[in-house]
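# Notes for the structure review
Residue-level listing of the chains:
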Amino acid sequence: MDATRRPEQRPGDGDGDRYGVLLYYKYAEVPDAAARAAFYEEHCRGLSLVGRVRVGPDGVNATLGGRMAALEKHMAEMSSNALFNGTDFKLASCDDPVDEKVARECGFTSLSVRVVKELVTLCSNPTSAPPEISSAGRHLSAAEFHSVLQNVAGASSDAVAPAEKNGVVVVDARNVYETRIGKFNAPNVETLDPEIRQYSDLPSWIDKHTEKLRGKSILMYCTGGIRCEMASAYIRSKGEGFENVFQLYGGIQRYLEQFPDGGYFEGKNFVFDHRISVGSLKENILGTCLICGSSYDDYSSRCRCNHCRMLVLVCPTCQDSNKEYVCELCQKNGKEHCQISTKQDCEIQIGLSEPSGFEKTSISNHNVTSKVPWSNDSEQLKRLRILCLHGFRQNASNFKGRTSALAKKLKHIAELVFIGAPHELPFVYQPTQNHCSDKPSPPSATPKRKFAWLIDPNSSCNTEQDWKAADAPFDPLQYQQQTKGFEESYAYLEKAISQMGSFDGILGFSQGAAMAALFCRQQQKTCGAPKFRFGMFCSGYPAPVGDFDGEPIKLPSFHCFGNGEGHDRQIANRASTELAGLFQQDCCSVLEHDMGHIIPSRSPYIDQIRSFLSSFL
């Protein structure tokens, strides 16, 4: 195929000043991804292009916006490089971005060039080897794909036999919010919609429906083609009975260019740029309002489910800034409307005033619902949402302040949500002798409440608003005696998560890391598996609470702590190492540093933290 292939209607005279969008991907070996990314950074900025470029050792994926003349120059530059031989460059002219919110959310207000481990992450477990892309299904052009559907539907003179019709199945490789507004629908053709939130959920769906796919001719499609590459390879990796897998080359976008009346595609094609969706000449509406059920397919309001943050369709009549939405998938899983609204774009710090309950909340202004720009055919519509547990004698606000540098450097890939522990601690201080008095002086500052996840059975937890002198000097091994309060903290976290919505991961610092590990262990024992996709345990230790029963915690984990040279004077290196040993080792990453009792946010440590998190995007 010609590397410089254009849409059916090429830009005419004067269109060079019009705005446009260019999408392309190429699976190929990239010897030096960092150098390729640096080239993109310089070249695209020189042409005033915006959007997203992802470069990995397995290829390049780009979604770019700018003036048509600049995009054509970029396309010509890429086409001259042998790396892009055979690449399908999809260029379309369109209106300039007019909605600032949508443009910003889609990444069309700036340029983002990143080096990634792989172009598309099919499986959320970073230890699972991806399928070989060389085993991907056979490409069908838009005309070939249409012809197969036409034959099976019996609408052509050379219609296939009924037995062959039953042997064809169409699989939509996109997410449910995309399929709501558009999908292929041909008579007599079985089309399967996995109804997934994100692309990394697709392998599980395929595994559960292998018998429905075995022995069939499987036709797959997605927005632009890239998701079908990996998904079709995954199906074919299952061996005998899964050889006949085909994919729509160029995706729905190329199909609608070939069949502007829509052909067998109904509704609109969801796209990951400021256009939001692209329809055919039919202009039929498939989507419906989540609230009233009326016909509606416009995502420009960016309404989202309060639990999983997935896009939902809500018509203007039903939109309300104070209303909470629950998507159909969360409804199927029994989720109800939250008692705590997340539409206020705020950070919720819970439990700062009610150690025995969960009724009161403290809310501080903080934008935690801003979205990360997604990539071409991306499966991820939000940043990773991480629940953060503070250490002993801290609170949510204090921990947020201490990790502000970390949050800033992770802002494009992670959203940190801080929660306070339920056990309130007394105000204590280490006495120091005042030269003007024989009595030790308490601090002059106003006491700020501190909390804990685990406490010493012999400690006093009264909440008097006065300073109290500590009974003994600070004991660096005091964490070994903090064995009480786990049941209350576990129930408290369970309730918090049910009301705050789902999280991708959990992060704990010091005693918070110990509590996070205990929580995941208990989840595994009672529910079969932790409810998070990953865990991050910083300066942690194995709390002497209960028994791990020798079974590893089956959760991808990242452990960050001071090295063995005494740099962390509060939690011993061996204790953090022991905690890491309690997790499944084939998906356990360890980072030792010389920064003390903190979470490091400078290179090279931050790069390793980013690398771990990026594997879940």
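Here the structure is a predicted model, which is why all the values come from computation and not from measurement.

## Some words on the packing of helix 1 (residues 33-46) against helix 2 (residues 68-79)
Two elements in contact, helix 1 and helix 2, have axes separated by 11 Å at closest approach and are oriented at 150°. Classified by the interaxial angle, the pair formed by helix 1 and helix 2 is roughly antiparallel. When you trace helix 1 past helix 2, the crossing you get is right-handed. Here Phe39, Tyr40, His43 and Cys44 of helix 1 lie close against helix 2, whose contacting residues are His74, Glu77 and Met78. Classifying every residue of the contact of helix 1 with helix 2 by side-chain character gives 4 nonpolar, 2 polar and 1 charged.

## Some thoughts on the pairing of strand 22 (residues 505-509)
Among the 5 residues of strand 22, 5 are classified as buried, and the element is accordingly described as predominantly covered. With burial as the criterion, each face of strand 22 is covered, one bearing Gly505, Leu507 and Phe509 and the other bearing Ile506 and Gly508. Bridge count for strand 16 (residues 384-389) against strand 22 is 4 bridges, and the pairing is parallel. Counted as the bridge partner of leucine 389 is glycine 508 from strand 22. Regarding the hand of the β-α-β motif, the stretch spanning strand 22, helix 15 (residues 511-527) and strand 23 (residues 534-538) is right-handed.

## Details of the sheet that holds strand 2 (residues 50-56)
Across the sheet, which stays open at both edges, the 5 strands sit in the order 4-1-3-2-5 with mixed pairing between neighbours. For this open sheet the edge positions go to strand 4 (90-94) and strand 5 (111-115), each flanked by a neighbour on one side alone. The sheet shows a mean angle of 10° between the axes of neighbouring strands, direction not considered. This element, helix 9 (residues 226-236), spans strand 1 (19-27) and strand 3 (59-67) of the sheet and lies at about 20° to strand 1.

## Concerning the sheet that holds strand 23
Strand order in the open sheet made by the 6 strands is 17-16-22-23-24-25, with parallel pairing throughout. The open sheet has two edge strands with one neighbour each: strand 17 (414-419) and strand 25 (588-593). Across this sheet, the average inter-strand angle for adjacent strands is 20°, counted without regard to direction. Bridge analysis of strand 22 against strand 23 gives 5 bridges, and the strand direction is parallel. In the sheet register, phenylalanine 509 faces strand 23, and the bridge partner there is cysteine 538. Sheet contacts for helix 15: strand 16, strand 22 and strand 23; angle to strand 22, the most-contacted strand, approximately 140°.

## Comments concerning the state of the cysteines
Linking two cysteines covalently via their sulfur atoms produces the bond known as a disulfide. Inspection of the entire model under this criterion finds 0 disulfides. Here cysteine 292 is not cross-linked by a disulfide; its sulfur's nearest cysteine counterpart is in cysteine 289, at 3.7 Å. The partly exposed category is assigned to cysteine 292, whose relative accessible area is 46%.

## Re unusual backbone geometry
Peptide bonds are, in most cases, trans, and in most cases residues other than glycine have a negative phi. Cis geometry is adopted by the peptide bond preceding proline 604, which originates at serine 603 and carries an omega value of 5°. As for its position among the elements, proline 604 is in the loop between strand 25 and helix 17 (605-614). Notably, asparagine 188 is not glycine yet its phi reads approximately 70°, a positive angle. Here asparagine 188 is to be found in the loop between strand 8 (182-184) and strand 9 (190-192). Unusually for a residue other than glycine, arginine 393 sits at a positive phi of about 55°. For arginine 393, the position within the fold is in the loop between strand 16 and helix 12 (396-402).

## Here's the deal with the pattern of salt bridges
Counted by the stated rule, this structure contains 22 salt bridges. The salt bridge partner of lysine 183 is aspartate 193, with a shortest N-O separation of 3.8 Å. With lysine 183 in strand 8 and aspartate 193 in the loop between strand 9 and helix 7 (202-208), this residue pair connects regions lying 10 residues apart in the sequence. Judged by its relative accessible area of 24%, aspartate 193 falls in the partly exposed class. The salt bridge partner of lysine 332 is glutamate 195, with a shortest N-O separation of 2.9 Å. One end of the pair, lysine 332, is in helix 11 (residues 328-332); the other, glutamate 195, is in the loop between strand 9 and helix 7, with 137 residues separating them in the sequence. Owing to a relative accessible area of 38%, glutamate 195 belongs among the partly exposed residues under this scheme.

What counts, and where the lines are drawn
- Residues numbered from 1 in each chain as written.
- Predicted model: local features only at pLDDT ≥ 70, side-chain atom pairs only at ≥ 80, totals over all residues.
- Heavy atoms only, no water.
- Axes fitted to C-alpha atoms, helices over the stretch in contact; angles between N-to-C directions.
- Helix = DSSP H or I, 4+ residues; strand = E, 2+ residues; numbered from the N terminus.
- Parallel < 35°, antiparallel > 145°, perpendicular 65-115°, else oblique.
- Left-handed = near helix turned anticlockwise from the far one by under 90°.
- Contact = heavy atoms within 4.5 Å.
- Nonpolar A, V, L, I, M, F, W, Y, C, P; charged D, E, K, R; others polar.
- Buried < 20%, exposed > 50% of the residue type's maximum accessible area, 1.4 Å probe, protein only.
- Pairing = 2+ DSSP bridges.
- Right-handed = clockwise from strand over helix to strand, strands pointing away.
- Disulfide = S-S within 2.5 Å.
- Salt bridge = Lys/Arg side-chain N within 4 Å of Asp/Glu carboxyl O.

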